[in-house]
Amino acid sequence: MPKISAPTIAAHRAQIRGRILDAVATLTRSQGIDEISMTEVASAAGITRTALYNYFPDKAALLLAFTEQVTTGFVRRYQRELPHGAGAAERLSVFIRFQLEGIVEHPHPAAAELGASLGPDAYQALAEHVAPMQRLMVEILREGAESGEFADLPAEATAKLVFAMIGAQRVPLLHGGTGFDDAHALVTTFTLRALGVASSTAERAVRDAIGRNKGAHEEPGPVRAHRAGPPSAQ
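As the structure is a prediction and not an experimental result, all values here were calculated from the model.

About the thresholds
Residues numbered from 1 in each chain as written. Predicted model: local features only at pLDDT ≥ 70, side-chain atom pairs only at ≥ 80, totals over all residues. Heavy atoms only, no water. Axes fitted to C-alpha atoms, helices over the stretch in contact; angles between N-to-C directions. Helix = DSSP H or I, 4+ residues; strand = E, 2+ residues; numbered from the N terminus. Parallel < 35°, antiparallel > 145°, perpendicular 65-115°, else oblique. Left-handed = near helix turned anticlockwise from the far one by under 90°. Contact = heavy atoms within 4.5 Å. Nonpolar A, V, L, I, M, F, W, Y, C, P; charged D, E, K, R; others polar. Buried < 20%, exposed > 50% of the residue type's maximum accessible area, 1.4 Å probe, protein only. Expected span 1.5 Å × (residues − 1). Core = buried A, V, L, I, M, F, W, Y, C linked by side-chain atoms within 4.5 Å. Arc of directions from axis to C-beta.

Draft legend 1. Looking closely at the packing of helix H8 (residues 155-168) against helix H10 (residues 180-194). At their nearest, the axes of H8 and H10 sit 10 Å apart, and the two run at 160° to each other. By the angle class used here, H8 and H10 are roughly antiparallel. Pair H8 / H10 crosses with right-handed handedness. On H10, the residues that touch Val 162, Met 165 and Ile 166 of H8 are Val 187, Phe 190 and Thr 191. Classifying every residue of the contact of H8 with H10 gives five nonpolar, one polar and no charged.

Okay, here's the thing in structure tokens:
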């Protein structure tokens, strides 16, 4: 058992839990959740495997907790980095870019594969964890339609189509079949044009999101093509 360095047991447990999830984040950048063992996670977190099971009874529980953390971070980043007063086209472009970054940062298998590996109960819990990202997408689409920037299409059904297009870039991105900026431009331009946005406006939204992102962050690095990590909304 690690030496208690926090002022309370609850604070100590929160520290250890954070170390465990940080270890998962580090490991998924090189080998993916399907290949990571609980022993590897415990070692990377600096605890014993027995101690790890006191926090997460199995890998499904660990994956769900990690997904919740990633989703929360996504929502906070979106709210923090999107400029106030941006139009719906730019918001959608930024949203798509962040989602594609998530695929590169934490590669994960398709939803059908996750459903088969996690089982129905865990997969349902997983869907609930990523719901905030889906709600963000629906909100962008509805606001765009209300402002007249987007065509008035069913927001929830349209959001599913957009997520499907984002997910379709997973294999090309991870296998080197497309570049990150190209994937972002393709999905964003196609989506905005389908929503009735003029070509010039769609292209500007793509450029603005790329410029804003590169002004604050490095371009996502290369990843191993066969790796699999925690799921996002796709």
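Draft legend 2. Spatial organisation of the environment of Leu 92. Among the secondary structure elements, Leu 92 is positioned in helix H5 (residues 88-105). Residue classification places Leu 92 among the buried residues on the basis of a relative accessible area of 0%. Expressed as a C-alpha distance, the spacing of Leu 92 and Ala 205, which sit 113 residues apart in the sequence, is 8.4 Å. Dropping the residues within four chain positions of it, Leu 92 is found in contact with Met 137, Ile 140, Phe 150, Thr 191, Leu 192 and Leu 195.

Draft legend 3. Geometry of the packing of helix H1 (residues 9-28) against helix H2 (residues 38-45). Running from amino to carboxyl end, H1 crosses H2 at an angle of 115°, the nearest separation of the two axes being 8 Å. Taken together, H1 and H2 sit at an angle that is classed as roughly perpendicular. As H1 packs across H2, the resulting crossing turns out to be right-handed. When H1 is examined against H2, the residues Arg 19, Ile 20, Ala 23, Val 24 and Leu 27 are found in contact with a partner set consisting of Glu 40, Val 41, Ala 44 and Ala 45. Taken together, the residues that form the contact of H1 with H2 break down as seven nonpolar, no polar and two charged.

Draft legend 4. Examining the side chain of Gln 169 more closely. Here Gln 169 is to be found in the loop between H8 and helix H9 (170-174). Residue Gln 169 is classed as buried on the basis of its relative accessible area of 10%. Setting aside its immediate chain neighbours within four residues, Gln 169 contacts Leu 100, Thr 178, Ala 183, Leu 186 and Val 187.

Draft legend 5. Main features of H5. Counted at 1.5 Å a residue, the expected span for H5 with its 18 residues is 26 Å, and the 25 Å between its end C-alpha atoms agrees. Within H5, 16 of the 18 residues are buried, which leaves the element mostly enclosed by the surrounding structure.

Draft legend 6. Layout of the nonpolar core. With 39 residues, the main nonpolar core has Leu 92, Phe 95, Leu 100, Met 137, Phe 150, Ile 166 and Leu 192 as its most contacted residues. Looking at which element gives the most residues to this core, the answer is H5, with 10 residues. Counting 20 residues, the second largest nonpolar core, distinct from the first, contains Ile 20, Ile 36, Met 38 and Leu 62.

Draft legend 7. Spatial organisation of H10. An ideal rise of 1.5 Å per residue puts 21 Å on 15 residues; H10 measures up with 21 Å between its terminal C-alpha atoms. Listing the buried residues of H10 in full gives Phe 180, Ala 183, His 184, Val 187, Thr 188, Thr 191 and Leu 192. When H10 is viewed along its axis, its buried side chains cluster within an angular range of 135° and face the same direction. For H10, exposure combined with an orientation more than 90 degrees from the buried face picks out Asp 182, Phe 190 and Ala 194. Among the residues trailing H10, Gly 196 stands out with phi positive, at a value near 90°.

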